[in-house]
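Here are the chains, one letter per residue:
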Amino acid sequence: MGKVIVKKLKIKTCHGVNDFEKRQPQRFEFSAEVECDFYEAAKNDEVAQTVNYSTVCKLIRAVATQNVFNLIETLACRCAEAILDKFPGAKSACVRVEKPQAPVKAKFKTMAAEVTLKRTTAYLALGSSMGDKKAYLDFAVKELSATRGITVKKVSSYIESEPYGGVAHNTFLNACVEVETYLPPRALLFEIHRIEAAGERSRTLRWDDRTLDIDIIFYGREVLCEEGLTIPHADYMNRDFVIAPLKEIAPDFLCPVTGVRVKNLSVPAQK
């Protein structure tokens, strides 16, 4: 693994919260580090097999000059996204935006914002117990595929399961999906909620019947326990309708909490 690096790319453009910053160009400096495997490129001495730093500069310039953002944080994120969208083989992109002429009443060398976006493999569980269940699952897969920053890699078979949690009454149709994403966990959750809403999801009662349910089961090796977001999913080990399709598409995935491979998981016997 290596890095292609661009440092201090100077671009005059307009970004800032003040009206005059949106009209009067000022100097910005951009640096980018793109992690990639360029072994084959080095072996063959072939630019098409690596991250072309000239293209990286063009991408940053296009984002910087064709938009006007209030925040350099937004500018940095959009540049990193553009780089990862252009180079599917890139593992991560770190972009730093410096604003040496920021209108701040203080002595400083520069103001800056930096973001790192990393490609991560995540596993999602899909479920539906209302209406045309297959159509809702198909809709979820299609919407995930169409979302910037998400690439669907594998989709399990659709399986039927009995309602879980003691509230729902209908039979469910379930599946699991493997995605590659550079969206951070919270951003991925936001997109999932957007897709659920577009799929007519109603959140009136927990575990009730629903048109569409999407849960994050794993997000790489991440372990998170935050308000509204727990990864790995707190209850996935008790759900055969999650474990069964996971075994189909990710049998060798190692749970970062238990250290158990998916293929060796089994739902505890009900007492």
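Remember, predicted model here, so these are calculated numbers, not experimental data.

Draft legend 1. Spotlight on the packing of helix α5 (residues 133–146) against helix α6 (residues 185–198). Their axes nearest at 10 Å, the elements α5 and α6 cross at an angle of 140°. The orientation of α5 relative to α6 falls into the category oblique. The chirality of how α5 crosses α6 is right-handed. The segment α5 lies against α6, with F139, A140, E143 and L144 engaging R194, I195 and A198.

Draft legend 2. The arrangement of the nonpolar core in detail. In terms of nonpolar packing, the biggest core is built from 57 residues, with F30, V56, I60, L75, I83, L188 and I216 touching the most fellow members. The biggest single contributor to this core is helix α4 (residues 72–86), with eight residues. Leaving out residues up to four positions away in the same chain, I216 has contacts with Y123, L124, P185, L188, L189, I192, L229, I231 and H233. Core analysis: the second largest hydrophobic core is formed by 16 residues, I217, Y236, I243 and A250 among them.

Draft legend 3. Fine view of the sheet that holds strand β1 (residues 2–13). With respect to topology, four strands assemble into an open sheet ordered β1-β2-β3-β4, the strand pairing being antiparallel. The two strands at the open ends of the sheet, each matched to only one other strand, are β1 and β4 (112–118). Each adjacent strand pair in this sheet contributes to an overall mean axis angle of 15°, direction not counted. Set on the sheet, helix α3 (residues 53–65) makes contact with β1 and β2 (26–36); between it and β1 the angle comes to about 35°.

Draft legend 4. Layout of the layout of surface pockets. Looking at the second largest pocket, its volume works out to about 240 Å³. Partitioning the lining of the second largest pocket into residue classes produces seven nonpolar, one polar and four charged.

Draft legend 5. Focus on the side chain of T181. Mapped onto the elements of the fold, T181 is located in strand β8 (residues 172–181). Classification of T181 as buried rests on a relative accessible area of 1%. Within the local environment of T181, its side chain forms a polar contact with the backbone oxygen of G149, the two atoms lying 2.8 Å apart. Apart from residues no more than four positions distant in its own chain, T181 is found in contact with K118, R119, T120, G149, I150, L188 and Y219.

What counts and what doesn't
Residues numbered from 1 in each chain as written. Predicted model: local features only at pLDDT ≥ 70, side-chain atom pairs only at ≥ 80, totals over all residues. Heavy atoms only, no water. Axes fitted to C-alpha atoms, helices over the stretch in contact; angles between N-to-C directions. Helix = DSSP H or I, 4+ residues; strand = E, 2+ residues; numbered from the N terminus. Parallel < 35°, antiparallel > 145°, perpendicular 65-115°, else oblique. Left-handed = near helix turned anticlockwise from the far one by under 90°. Contact = heavy atoms within 4.5 Å. Core = buried A, V, L, I, M, F, W, Y, C linked by side-chain atoms within 4.5 Å. Buried < 20%, exposed > 50% of the residue type's maximum accessible area, 1.4 Å probe, protein only. Pairing = 2+ DSSP bridges. 1 Å grid on protein atoms, 1.4 Å probe; cavity = no way out; pocket = protein on both sides within 12 Å on 5 of 7 lines; lining within 4 Å. Points joined across faces, edges and corners; volume = space filled by probe spheres on them. Nonpolar A, V, L, I, M, F, W, Y, C, P; charged D, E, K, R; others polar. Polar contact = N/O pair within 3.5 Å; in protein donor to acceptor, adjacent residues only side chain to side chain.

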